[in-house]
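# Per-entry structural report
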Amino acid sequence: MNETDFMAQAINISIENVKTNDGGPFGAVIVKEGKIIATGRNLVIASNDPTAHAEMVAIRKACEVLNAFQLTGCKIYTSCEPCPMCLGAIYWARPDKVYYANTKKPAALIGFDDYFIYEEIAKSPAERQIPFIHLKHEKAIVAFEQWAAKSDKIEY
């Protein structure tokens, strides 16, 4: 299989997901060494989980398959340009490459408009639509100090 075949798989998942009504029209495939190791479809409605986007579901499955918290050596194929949440998760997972089919513009035209999230990220926490309030607590730093001093930590 090649890039076009893997993308076709992600697109087929997105089309099938429209029929199930389990979530939005999104699908993802994760490939390592030329083989699909995980797939994901948007399960937001079926799982009552706003984070159950196709990429997130596929990343979770792939990490379980690999028994690892990073996707080194993997490629992600997704039916649409990732939203801000999925983009963040992709960077944390560290795949080698991401391929996407649809862009965020046609996604916005059918009701999946993430532009406001990009705008919110750029604002200071106090200016966001959902209030983000810095609640200082002298003990909050303890976990950070313990982490910094920990000799057996696994960094990621």
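The structure this text deals with has already been given above.
Below, the structure is looked at part by part. Predicted, not measured: the structure shown is a model, and the values here were computed from it.

### A closer look at the side chain of Asp22
Its place among the elements puts Asp22 in the loop between helix H1 (3-20) and strand S1 (27-32). Only 2.7 Å separates the side chain of Asp22 from the side chain of Arg41, close enough to count as a polar contact. Other than its neighbours up to four places away in sequence, Asp22 contacts Asn17, Arg41, Asn42, Leu43, Val44, Ile45 and Ala46.

### Overview of a nonpolar patch on the surface
A contiguous nonpolar surface patch, about 670 Å² in accessible area, is contributed by Phe69, Trp92, Trp147, Ile154 and Tyr156. Counting through the fold element by element, Trp92 comes out in helix H4 (residues 84-93).

### Focus: the nonpolar core
In this structure, Ile30, Ile59, Ala62, Leu71 and Ile76 are the most contacted members of the largest nonpolar core, which totals 20 residues. Sorting the residues of this core by element identifies S1, helix H3 (54-66), strand S3 (74-80) and H4 as the ones contributing at least two each. For Ile76, the residues in contact, after removing those within four places along its chain, are Val29, Ile30, Ile59, Leu71, Ile90, Pro95, Lys97, Val98 and Tyr99. Counting residues in hydrophobic clusters, the runner-up holds seven residues, among them Met7, Ala10, Ile13 and Val29.

### Looking at the pattern of salt bridges
Tallying each qualifying case throughout the model produces five salt bridges. Close ionic contact of Glu3 with Lys75 constitutes a salt bridge, the shortest N to O distance being 3.7 Å. In this pair, Glu3 sits in helix H1 while Lys75 sits in strand S3, placing the two residues 72 residues apart along the sequence. Judged by relative accessible area, which is 35%, Glu3 ranks as partly exposed. Note that Asp22 and Arg41 form a salt bridge whose closest N and O atoms lie 2.7 Å from each other. Of this pair, Asp22 sits in the loop between H1 and S1 while Arg41 sits in strand S2 (residues 35-41), placing them 19 residues apart in sequence.

### Re the side chain of Asn42
By secondary structure assignment, the location of Asn42 is in the loop between S2 and helix H2 (44-47). One polar contact links the side chain of Asn42 to the main-chain amide nitrogen of Gly24, over a distance of 3.0 Å. Contacts of Asn42, omitting those with residues within four sequence positions, involve Asn17, Asp22, Gly23, Gly24, Phe26, Ala52, His53 and Ala54.

### Some remarks on the sheet that holds S2
Strand order across the open sheet formed by four strands is S2-S1-S3-S4, with mixed pairing between neighbours. Both edges of this open sheet fall to S2 and strand S4 (97-102), since each of them pairs with a single strand only. Across the sheet, the mean angle separating the axes of adjacent strands is 15 degrees when strand polarity is ignored. Both S1 and S2 contribute to a ladder of six bridges, which runs antiparallel. Residue Val31 lies in a different strand from S2, and its bridge partner there is Ile36.

### As for the packing of aromatic side chains
Pairs of aromatic rings are described using the distance from one ring centre to the other and the angle between the two planes. One pass over the structure, following the stated rule, counts four aromatic pairs. Ring geometry for Phe69 and Tyr156: centres 5.8 Å apart, planes at 70 degrees, overall edge-to-face. Of the two residues, Phe69 is situated in the loop between H3 and S3 and Tyr156 in the segment after helix H7 (141-149); the sequence distance between them amounts to 87 residues. Among the residues examined, Phe69 registers a relative accessible area of 46% and is labelled partly exposed. Taking the centre distance of 4.6 Å and the plane angle of 5 degrees together, the rings of Tyr77 and Tyr99 count as stacked. Residue Tyr77 is found in strand S3, and its partner Tyr99 is found in strand S4; the two are separated by 22 residues along the sequence. A connected cluster of aromatic rings, assembled from ring pairs, spans Phe6, Tyr77 and Tyr99. Above the ring of Tyr118, the side-chain terminus of Lys104 is found at 4.6 Å from the ring centroid. Over the ring of Phe132 we find Arg128; its NZ or CZ atom is 5.0 Å from the centre of that ring.

Each value, and the rule that gives it
- Residues numbered from 1 in each chain as written.
- Predicted model: local features only at pLDDT ≥ 70, side-chain atom pairs only at ≥ 80, totals over all residues.
- Heavy atoms only, no water.
- Helix = DSSP H or I, 4+ residues; strand = E, 2+ residues; numbered from the N terminus.
- Polar contact = N/O pair within 3.5 Å; in protein donor to acceptor, adjacent residues only side chain to side chain.
- Contact = heavy atoms within 4.5 Å.
- Patch = residues over 30% accessible without salt bridge, like charges linked within 9 Å, V, L, I, M, F, W, Y side chains within 5 Å.
- Areas by Shrake-Rupley, 256 points an atom, 1.4 Å probe, with all protein chains shown as cover.
- Salt bridge = Lys/Arg side-chain N within 4 Å of Asp/Glu carboxyl O.
- Core = buried A, V, L, I, M, F, W, Y, C linked by side-chain atoms within 4.5 Å.
- Buried < 20%, exposed > 50% of the residue type's maximum accessible area, 1.4 Å probe, protein only.
- Pairing = 2+ DSSP bridges.
- Axes fitted to C-alpha atoms, helices over the stretch in contact; angles between N-to-C directions.
- Phe/Tyr/Trp six-rings, centres within 6.5 Å; stacked < 30°, edge-to-face > 60°.
- Lys NZ or Arg CZ within 6 Å of the ring centre and 35° of its normal.

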